[in-house]
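Tertiary structure, described
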Amino acid sequence: MLTGRIGVTIARNAGGSAAVEQAKLWAQQLGAEYIVRPHNVSMPELMQQHGLAALVVGEKDGPRIHSEAGSFAYHPSMAVLRLQQLKRGQTDHLLPALGLREGVRVLDATMGLAADAALSAYAVGAGGRVVGLEASPLLHFAVSYGLAHYVAEDEDLTAALRRIEPVQAVAKEYLAQCAAQSFDVVYFDPMFRHPVQGSKAMDALRPLSYEATLDEETLALARRAAARVVIKERSEYILRQYGCTEFIGGKYSRIKYGILK
């Protein structure tokens, strides 16, 4: 996970005093330094001048985070296409893996970009609940803003994004405070364990991510919090090491969902 100083500034076309005040508020929330943006200094130069590990830039559509690996601004990403496919009657293995239906309570313990959380929120409807945990403060900050403000072309997707409850927390610490059977399913997607080669979006996010290994204590706490625990991985061998005995995923899919009951 990213360590070091964080700065906050605004884009040149972000607007006037309102944009500055918003950026200063973000700086307070993040425990960061607000930096006046010079007109003739690039983002890398500004980061170098101030010794920053990351720079949050207030743009017209919200915050964009810059690090040495690239930049990131929230977008629902694959959730757009996956929801379209669901509406056309196609299958998404996430739904049967998590046992999603109207009214189900979901804890997405590794929310990341919230694509899976968005599909979960759509599937469980207004009567269900989706809590999304993100350990990285910066990633949580950017994604939470997107969940609250992003307007998709599909009204159902926008509604699903608004229903997600983002929480900045390490899964083990959050689960330790959960009462037994607080949720119907707890879901883990350790998305940065195996890098996605050639993905610039993932490269930009990698310094922001929390990469701790999913351990036995966390899984034990998850099994107390919900009757069903689901882990997403590329390797069935790894899923078996976690104790999964049931697997969902297409024959030719590189993604498998392992289920603990």
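One pass over the structure, following the stated rule, counts four aromatic pairs. For the pair W26 and Y145, a centre-to-centre distance of 5.7 Å together with 85° between the ring planes defines the contact as edge-to-face. Of this pair, W26 sits in helix α1 (residues 17-30) while Y145 sits in helix α6 (residues 137-149), placing them 119 residues apart in sequence. Ring centres of Y74 and Y150 lie 5.9 Å apart, and the angle between their planes is 80°; on these two criteria the pair is classed as edge-to-face. On the criterion of sequence distance, the pair formed by Y74 in the loop between β5 (70-73) and α3 (78-87) and Y150 in the loop between α6 and α7 (155-163) is long-range, its members being 76 residues apart. In this structure an aromatic cluster arises from ring pairing among W26, F141 and Y145.

Here we come to the packing of α3 against helix α5 (residues 115-124). Angle between the axes and distance between the axes are the two parameters that describe a pair of packed helices. Where α3 meets α5, the axes come as close as 9 Å, and the angle between the chain directions of the two elements is 30°. One way to sum up the angle between α3 and α5 is to call them roughly parallel. The crossing of α3 and α5 is right-handed. The segment α3 lies against α5, with A79, R82, L83, L86 and K87 engaging A115, D116, A118, L119 and Y122. Residues belonging to the contact of α3 with α5 are distributed by class as follows: seven nonpolar, no polar and three charged.

Below, the discussion takes up the confidence of the model for the protein. Counting all residues, the mean pLDDT for the protein is 90, and 91% of those residues have values of 70 or more. Long-range and interchain partners of residues 193-198, a stretch whose pLDDT sits below 50, account for eleven contacts in this model, where long-range means more than four residues apart.

What follows is about the sheet that holds strand β9 (residues 185-188). Two modes of strand pairing occur in sheets, parallel and antiparallel, and in both the strands are linked by backbone hydrogen bonds. The seven strands are arranged β8-β7-β6-β9-β10-β12-β11 in an open sheet whose pairing can be described as mixed. On the outer flanks of this sheet lie β8 (164-168) and β11 (246-248), each paired with one strand and no other. Put simply, the sheet's adjacent strands are angled 20° from each other on average, direction ignored. Examined bridge by bridge, strand β6 (residues 105-108) and strand β7 (residues 129-134) share four bridges and lie parallel to one another. Counted as the bridge partner of R105 is R129 from β7. Helix-sheet contacts for α7 involve β7 and β8, and the interaxial angle to β8 is about 40°. Packed onto the sheet, helix α10 (residues 216-225) meets β9, β10 (228-233) and β12 (256-260) and runs at close to 150° relative to β9.

What counts and what doesn't
Residues numbered from 1 in each chain as written. Predicted model: local features only at pLDDT ≥ 70, side-chain atom pairs only at ≥ 80, totals over all residues. Heavy atoms only, no water. Phe/Tyr/Trp six-rings, centres within 6.5 Å; stacked < 30°, edge-to-face > 60°. Helix = DSSP H or I, 4+ residues; strand = E, 2+ residues; numbered from the N terminus. Axes fitted to C-alpha atoms, helices over the stretch in contact; angles between N-to-C directions. Parallel < 35°, antiparallel > 145°, perpendicular 65-115°, else oblique. Left-handed = near helix turned anticlockwise from the far one by under 90°. Contact = heavy atoms within 4.5 Å. Nonpolar A, V, L, I, M, F, W, Y, C, P; charged D, E, K, R; others polar. pLDDT = per-residue confidence, 0-100. Pairing = 2+ DSSP bridges.

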